[in-house]
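# Coordinates in review
Given next are the chains, with one letter for each unit.
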Amino acid sequence: MKSTVADYRTRVLCLRIVPTAGSPIYLTDHPRDLVMSGHTYLSTAGYEFTGYAATAGFSPASIDIEGIAGASGVTRAAVGSGLFDGARCYVFATSWAAPVEDEEPITAGIFGKSTLLDDRFQIGGVSLVDVLNQSVGQTYGAQCPKVFGGTEYAGCGVSLAANTVTGTLSSVTSASVFTDSARSEPADTFGAGTIQFISGPNAGLKALEIKSFAAGVITTFEPFYYLPVVGNSYSMVRGCRKRLSDCQAYSNVLNFGGFPYIPTGSTYSQVGQGGA
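So, a few notes on the structure that sits alongside this text. Treat the numbers as computed from the prediction; the structure is a model and nothing was measured.

## What about the nonpolar core?
- In this structure, Leu15, Ile17, Ile65, Phe84 and Phe111 are the most contacted members of the largest nonpolar core, which totals 18 residues.
- Only strand 1 (11–18), strand 2 (25–28), strand 6 (62–68), helix 1 (76–80), strand 7 (88–95) and strand 9 (120–127) provide two or more residues apiece to this core.
- With sequence-adjacent residues up to four places away left out, Phe84 is seen in contact with Ile17, Pro19, Ile25, Val74, Ala78, Val79, Phe111, Gly112 and Ile123.

## Some words on unusual backbone geometry
- Even without being glycine, Asp102 reaches a positive phi, approximately 60 degrees.
- Along the chain, the position of Asp102 falls in the loop between strand 7 and strand 8 (104–117).
- We classify Asp102 as partly exposed; its relative accessible area is 34%.
- One non-glycine residue with positive phi stands out, namely Ala154, at about 60 degrees.
- Look at Ala154 and you get partly exposed, because its relative accessible area is 48%.

## Let's talk about the pattern of salt bridges
- Overall, the coordinates contain 8 salt bridges when judged by the stated rule.
- The partner of Asp180 in a salt bridge is Arg183, with the nearest N and O atoms 3.7 Å apart. Taken as a pair, Asp180 and Arg183 share a single burial class, namely buried.
- For Arg241, the salt bridge is made with Asp188, and the minimal N-O distance between the two is 2.6 Å. A residue pair is termed long-range when its members are at least 10 positions apart, and Arg241 in the loop between strand 16 (233–237) and helix 2 (244–249) and Asp188 in the loop between strand 12 (177–179) and strand 13 (194–197) qualify at 53 residues.
- Residue classification places Arg241 among the partly exposed residues on the basis of a relative accessible area of 26%.
- Taking the relative accessible area as the measure of exposure, Asp188 reaches 32% and is therefore partly exposed.

## A look at the packing of aromatic side chains
- Scanning the model with the defined rule gives 8 aromatic pairs in all.
- Between Tyr26 and Tyr41, the ring centres sit 5.1 Å apart and the planes meet at 65 degrees, which makes this aromatic pair edge-to-face. Taken together, the residues Tyr26 in strand 2 and Tyr41 in strand 4 (residues 39–41) connect sequence positions 15 residues apart. Judged on exposure class, the residue Tyr26 and its partner Tyr41 are both buried.
- Centroid distance Tyr41 to Phe92: 5.6 Å. Interplanar angle 90 degrees. Geometry classified as edge-to-face. With a gap of 51 residues between them, Tyr41 in strand 4 and Phe92 in strand 7 connect regions that are remote in the sequence. Neither residue differs from the other here; Tyr41 and Phe92 are each classed as buried.

Calculation rules
- Residues numbered from 1 in each chain as written.
- Predicted model: local features only at pLDDT ≥ 70, side-chain atom pairs only at ≥ 80, totals over all residues.
- Heavy atoms only, no water.
- Core = buried A, V, L, I, M, F, W, Y, C linked by side-chain atoms within 4.5 Å.
- Buried < 20%, exposed > 50% of the residue type's maximum accessible area, 1.4 Å probe, protein only.
- Helix = DSSP H or I, 4+ residues; strand = E, 2+ residues; numbered from the N terminus.
- Contact = heavy atoms within 4.5 Å.
- Salt bridge = Lys/Arg side-chain N within 4 Å of Asp/Glu carboxyl O.
- Phe/Tyr/Trp six-rings, centres within 6.5 Å; stacked < 30°, edge-to-face > 60°.

Now the structure itself:
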């Protein structure tokens, strides 16, 4: 049973979206904007809650939202670049007469893949209880399973700040290949790292993984939503290929989580041959 419920006579729904990067987005289905906890929940008509379903069991609730790109603070560039993929969302009810953030929690969830359909967007997700349906446990392999720069218990521990550089583009080949001629680091220094623009048309969009780096030429796996422009500033983080040699390069072998010396399945499954 809920500890607090919103007044049914003035009840409205509110949605808070916390993307993987960038600022949260606040929405409400009330005809006017609502201010609570220092946040303004926008009453934009360009979106709607298109579905919410939940059961009394442990199956996850489904959450769906769709709207017109750009009309509710959810821009076409942000959706197209995947900024809302994996975003956290919080739905709650409150009273428009005296709004209180998270007064009557409805659900908390994680968005899945966001989709653009012409100038409309669709985002679907599931509630956080879906974690109960996930398989857990360690998988042993040669590569390190830890998140580079993770500060959780027994995490990687490498300082991301000490391995982050900034610069500006000197030439652009395509939306996924560009050059900073001032970069003098050895080849593959930033391979498997990330790059994010801090100026220009892609500023504020999510960081993309770097496929290769050599002689100042940066190639990403995915193209940026907008074509970068010469002079755009960027922030780039060194990468880790998850090999033991990478940990040695970072002087971080004690935190290496891989098992490069475990025999492969074809080795340990062989049947021994007895001697005569």
